[in-house]
Every structure is written in C-alpha cells, then in structure tokens.
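Listed here are the chains, written in short residue letters.
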Amino acid sequence: MATDILKFTQEQTATFLKEVSERSGQNLQACYQCRRCAAGCPVADDTGVTPDRLIRMIVMGDRDQASNNLLVWKCVSCYTCGTRCPNNIHTARINETLKQMAKEKSLQPLDVKIAAFHGAFMKSASHFGRINEMEFMGLYEIKASGEEMKRGGLSAVIAEMMAQAKLGIEMMKRKRMHFGFSRIKGMDEIKRLFNRAGKK
Ligand code: SF4
Ligand code: SF4
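Keep in mind that this is a model prediction, so the values were computed, not measured.

With that settled, consider the nonpolar core. F16, V20, L28, L54, I58, I94 and L98 are the most contacted members of the largest nonpolar core, which has 24 residues in total. Of all elements in the fold, only α1 (10-24), α4 (51-59), α6 (70-74), α8 (91-104) and α9 (112-128) reach the threshold of two or more residues within this core.

Following this line, the structure appears as structure tokens:
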C-alpha cells in the first residue's frame, strides 16, 4: 500500500523545492529539522504550523499543504526563526515566496481577510513608501468587503464595515489614526525595488 511519503513523485518534489528555494533565496535542503525555529515562532500556536514543518512540506513536495496553511499568511516577519537557525534559513522569506506563488495561481487563501490586508499593505507601500492609514484602510475595505459579499451577502458586508468603523473610532481615540498622506524621501528606490520584485 502506498504511504503518504510516496504520494509525490521525485519530479514534483524537485520542481517545487527548486522553485521555492530559488525565489526565496533560502537553502531549504540545509534544514536538518532541529526545530530551533519552531521554539520561537510567535504565531505557531495560532496557525498550527511551525517553520520546520513548513520546510518539511516543501522538501517533500507537498505543494497543496505548503501553499495553503495559516503560517504562510499569519507570519509577522519577525525573523526570529532565521536568527535562531544554525543554517541561516529565513522562513519569513519562504512565506513571502509562497504568498506570491499562491497569488500568481489565483489560489483562494485560507483566510481571505489576511490576504486582503497583505494586498492593501503592499499597494499602499508602493504608492508612498510607507503606510498611510486612510488609504490603507480604504484599499483593505474594498477587497475585504468584496470577499464578504461573495461569502455572506450584504449583511456580512455591513457587519464587516461596522467592525472596521468601530476599530477606526478606537484608533482615533488613541491618536493612532492619521488623516494626512506622507511620502518618504527615497521613493525612487522603493519604485526600483517594486519593479525588480515584479520582474522576478
Ligand atoms: S532552525 Fe533551521 S535547521 Fe533547524 S528546523 Fe528550523 S529551519 Fe531547519
Ligand atoms: S518570521 Fe514568521 S515564521 Fe519566522 S518566527 Fe517570525 S512569525 Fe514565525
């Protein structure tokens, strides 16, 4: 009887591993599963996946699991895993790569709101080199409401907007919401970075 370990052909495994390794710039094959990364990941409990497990999925060629798990979308890029890794493997970069690959293939993410948040963040950063809350919240709301409409109809959209309005009011009370738009000085460099990432 075939076991899970034989589920993926050598060709499937090698192709996926090569693509993730090249695009993320990380040598995944150097991972010897010591789990030092897992011990410090702040989102591992919440996502049910630790960085070492994710790397194992990729090495085994399990494209579906690796592309569609919460660690990929909830990673906060704290780089704790990378600084602890004796082989200098940065899972945050692997997660970024998997997000991009999922987007290119139009895969539905496990948590659409996180995907909407990520998309709005990147777009806003590409415009100003930093996040301006008003623009960012507008971009996020358009995308998140669209997804809510598909899943739960108008009542879900209204609930989503009410929740965000409540959050906005709380942020204003704490002076965490800014209404102006500011741009960083090195915008040329930011544009070059986005262009280069886009070409890759
Ligand atoms: S710390 Fe590095 S070598 Fe150890 S399991 Fe994590 S990624 Fe692999
Ligand atoms: S960078 Fe991401 S995967 Fe690594 S420890 Fe932080 S949250 Fe976890």
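With that settled, consider the domain arrangement of the protein chain. We note that the domain assignment places domain 1 (1-110) and domain 2 (111-200) within the protein chain. Between the C-alpha centres of domain 1 and domain 2 the distance comes to 26 Å. The interface of domain 1 with domain 2 comprises 10 residues on the first partner and 7 residues on the second. If you look at where domain 1 meets domain 2, you find 0 salt bridges. Between domain 1 and domain 2 we count 1 residue pair in polar contact (both at pLDDT 80 or more) in total. Where the side of domain 1 that touches domain 2 is concerned, the elements lending two or more residues are α6 and α8.

Moving on, we come to the packing of α9 against helix α10 (residues 133-173). Any two packed helices are characterised by the angle at which their axes cross and by the distance between the axes. Contact pair α9 / α10: the axes reach a minimum separation of 6 Å and the direction vectors enclose 155°. Classified by the angle their axes make, α9 and α10 are roughly antiparallel. When you trace α9 past α10, the crossing you get is right-handed. Within the contact between the two elements, α9 uses V112, K113, A116, F117, A120, F121, K123, S124, H127 and F128 and α10 uses E135, F136, L139, Y140, K143, A144, E147, E148, R151 and E160. In the contact of α9 with α10, the residues fall into 10 nonpolar, 2 polar and 8 charged.

Relative to the 60 Å expected for 41 residues at 1.5 Å per residue, α10 spans just 14 Å between its end C-alpha atoms, considerably shorter than the ideal helical length. A maximum bend of about 135° is found in α10 at G152. Phi turns positive one or two residues past the end of α10, at K175, with a value near 60°.

What counts and what doesn't
- Residues numbered from 1 in each chain as written.
- Chains lettered and ligands numbered in written order.
- Predicted model: local features only at pLDDT ≥ 70, side-chain atom pairs only at ≥ 80, totals over all residues.
- Heavy atoms only, no water.
- Core = buried A, V, L, I, M, F, W, Y, C linked by side-chain atoms within 4.5 Å.
- Buried < 20%, exposed > 50% of the residue type's maximum accessible area, 1.4 Å probe, protein only.
- Helix = DSSP H or I, 4+ residues; strand = E, 2+ residues; numbered from the N terminus.
- Domains from an automatic or database assignment.
- Contact = heavy atoms within 4.5 Å.
- Salt bridge = Lys/Arg side-chain N within 4 Å of Asp/Glu carboxyl O.
- Polar contact = N/O pair within 3.5 Å; in protein donor to acceptor, adjacent residues only side chain to side chain.
- Axes fitted to C-alpha atoms, helices over the stretch in contact; angles between N-to-C directions.
- Parallel < 35°, antiparallel > 145°, perpendicular 65-115°, else oblique.
- Left-handed = near helix turned anticlockwise from the far one by under 90°.
- Nonpolar A, V, L, I, M, F, W, Y, C, P; charged D, E, K, R; others polar.
- Expected span 1.5 Å × (residues − 1).
- Bend = angle between axes of the 7 residues up to and from the residue.

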